[in-house]
Amino acid sequence: MNSLLKFITCGSVDDGKSTLLGHILYDAKLLYADQEKALILDSKVGSRGGEIDYSLLLDGLTAEREQGITIDVAYLYFTTEKRSFIAADTPGHEEYTRNMAVGASFAKLAVVMVDAEHGVLPQTRRHARICALMGIRYFVFAVNKMDLSDYREERFQEIRKDIDALSAELELANVKIIPVSATRGDNITHAPGHMPWYQGESLLEYLETVDVSEDEKQDTFYLPVQRVCRPDHTFRGFQGQVESGRVAKGQELTVLPGGESAHVKAIHIGFEEVPEAYAGQAVTVQLDREIDVSRGCVLASTAKLPATKKFGVTLLWMDDEPLLVGKEYLVRIGTKKIAGVVTAITYKTDVNTGEHLAAERLEKNEIGLCRLELAENIVADAFANHKTLGELILIDRVSHATSACGVIDTVGEETGKPYFEKGNIRTDGYIFEEFYFNIENALLSKANEGGKTWHVGDEVPVKGDSFRYPESFDIIAVKSEAAILIRGRRVEDILPLSEYRYTGLPTLDARGFEIQIRGEADYQDYLYERRNMDDGNHVKFYDKWFRFETYRRIICTDNFWMI
């Protein structure tokens, strides 16, 4: 049986998404005779001078044909000799970004169209970012309309550099870049006759062979309960889809968030009883004893899945009305729907640069990192760990419209501890915290700024009540084996200490103390002494290398209390 690939086509307006899919169907001879005749007839009355308009196979709405753009998501089902496909052709106009996000939510691979004449546009960046947000890990950037650029390799390489930069910014792991002409058919289903400089496979050949099988661990079994089935007093089963791992008769399961355990009495797929079930199968599970299970609970092979009501989430805002802190929404995570409130907007992301910007609200089509608090504890996890337990939507309580979709980044209470973070590098970020002295109680204290996490591109405060820093400096965090480069009041990079080289700029530790390094030899001596420091020489070490007063001072106050 052929494997199934679910993919999405996306990109800016008029990049050729519908034309590309239509040409695949036409060239691969996947049309019925009456469809082909209708296509040729419709094309004659179109705007292409009688040439075949392959986009008409996908753009079926009257408004789409009149405007020459895609509005709704068109799902396409087809099979070749090597593979079966479900493709979602999504709109490119910014007004219909929410429609594109819906299409991305089901896909394993994204074909991102890039116009060879215009290159990477803001909507191209937005769509690639949304696809990454939705958990898509495989990307094909199809550089289209190469015929209008005279099939020049130089133009392709220019665009390739921009795509490589975007891929690095979004940390895309699996990227393929293919030059095509959707109208002329070059490199769609066969070798590119007009582009002998391209030696790779055609788009369809790549789609037929790419392996998108999940490489994440599937050891943990979990099943969000969709429905409790009770046809009579003798049968009580819990229905849902197995999202991860496997379950077998006799296996012990834990019901979360309650924490009670029971053994599997029977497993049913449809009306058939089976000894075990795997991820992707819809099942009914019977347990060997009566315990409290209802819709929204999770059956799991472990009790370690987190249950909490506070999360850090990345949201794509899709409502015409802006997201405001404090407004209550209905939140759906897995099979659970519950009231929740956005308690803070940490920042929004500039779609063009990836820069993190301060924000008090999110407008339509903006992406931001927020804090979300629910009415009660539920089972959920970071999207990177468990996809189904880490994706969510926000629903307006009055209109019942979907206001936002997003993923969970962090689970649990705010620690109040600030960090610098990039990938798997995470180190303390106390350097921008304020220090105060309470006169009445003679106590030194610091302000709690809510545990802000700093990322590459963030603008940092170099002036505060208790600190004054230069606009460019380096932070050396030996304990975390990390270095943070601040340039022009922004986080330029966060890198392993093994990759850092002394730059001659001022060096500070994570608390804002000056490290008295004046050259490469000093830097190497500092690292050696810090890594070999013990309880017997730490006072001498700090006296030698650190100065508090260079960039720091303590502000006196009579009303700031110890936190």
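Preceding block: the structure.
Fair warning: this is a prediction, and the values are worked out from it, not measured in the lab.

Parameters and conventions
- Residues numbered from 1 in each chain as written.
- Predicted model: local features only at pLDDT ≥ 70, side-chain atom pairs only at ≥ 80, totals over all residues.
- Heavy atoms only, no water.
- Helix = DSSP H or I, 4+ residues; strand = E, 2+ residues; numbered from the N terminus.
- Expected span 1.5 Å × (residues − 1).
- Buried < 20%, exposed > 50% of the residue type's maximum accessible area, 1.4 Å probe, protein only.
- Arc of directions from axis to C-beta.
- Pairing = 2+ DSSP bridges.
- Core = buried A, V, L, I, M, F, W, Y, C linked by side-chain atoms within 4.5 Å.

A rise of 1.5 Å per residue sets the reference length of helix H6 (residues 153–170), with its 18 residues, at 26 Å; its end C-alpha atoms lie 25 Å apart and thus fit the reference within 8%. For H6, the set of buried residues is Arg155, Phe156, Ile159, Ile163, Leu166, Ser167 and Leu170. One face of H6 carries all of its buried residues, which in axial projection span an arc of 105°. More than 90 degrees from the buried face of H6, the exposed residues found are Glu154, Lys161 and Ala168. Positive backbone phi, approximately 55°, marks glutamate 171, located one or two places after H6.

Right, let's get into the pairing of strand E33 (residues 490–496). Pairing analysis gives six bridges linking strand E32 (residues 482–487) to E33, with the strands arranged antiparallel. Looking across to E33, one finds that alanine 482 is bridged to proline 496. Taking the residues that link successive antiparallel strands as the turn, the E32-E33 hairpin has two residues, and the phi of glycine 488 there is positive, at about 60°.

Strand pairing in a sheet takes place through backbone hydrogen bonds and is either antiparallel or parallel in direction. As summarised here, the arrangement of the three strands in space is E27-E26-E30, forming an open sheet in which the pairing is mixed. Of all the strands in the sheet, just strand E27 (425–428) and strand E30 (453–454) have a single pairing partner and so form its edges.

Now for the nonpolar core. One finds Ile8, Cys131 and Phe141 to be the most contacted residues of the largest nonpolar core, which totals 37 residues. If you list the elements that add at least two residues to this core, you get strand E1 (3–11), helix H4 (97–104), strand E4 (109–115), helix H5 (122–133), strand E5 (138–144), H6 and strand E25 (402–411). If one sorts the elements of this core by residue count, H6 sits on top with five residues. Counting residues in hydrophobic clusters, the runner-up holds 27 residues, among them Leu5, Phe85, Ala182 and Tyr198.

Any functional reading would require information beyond the geometric quantities listed.
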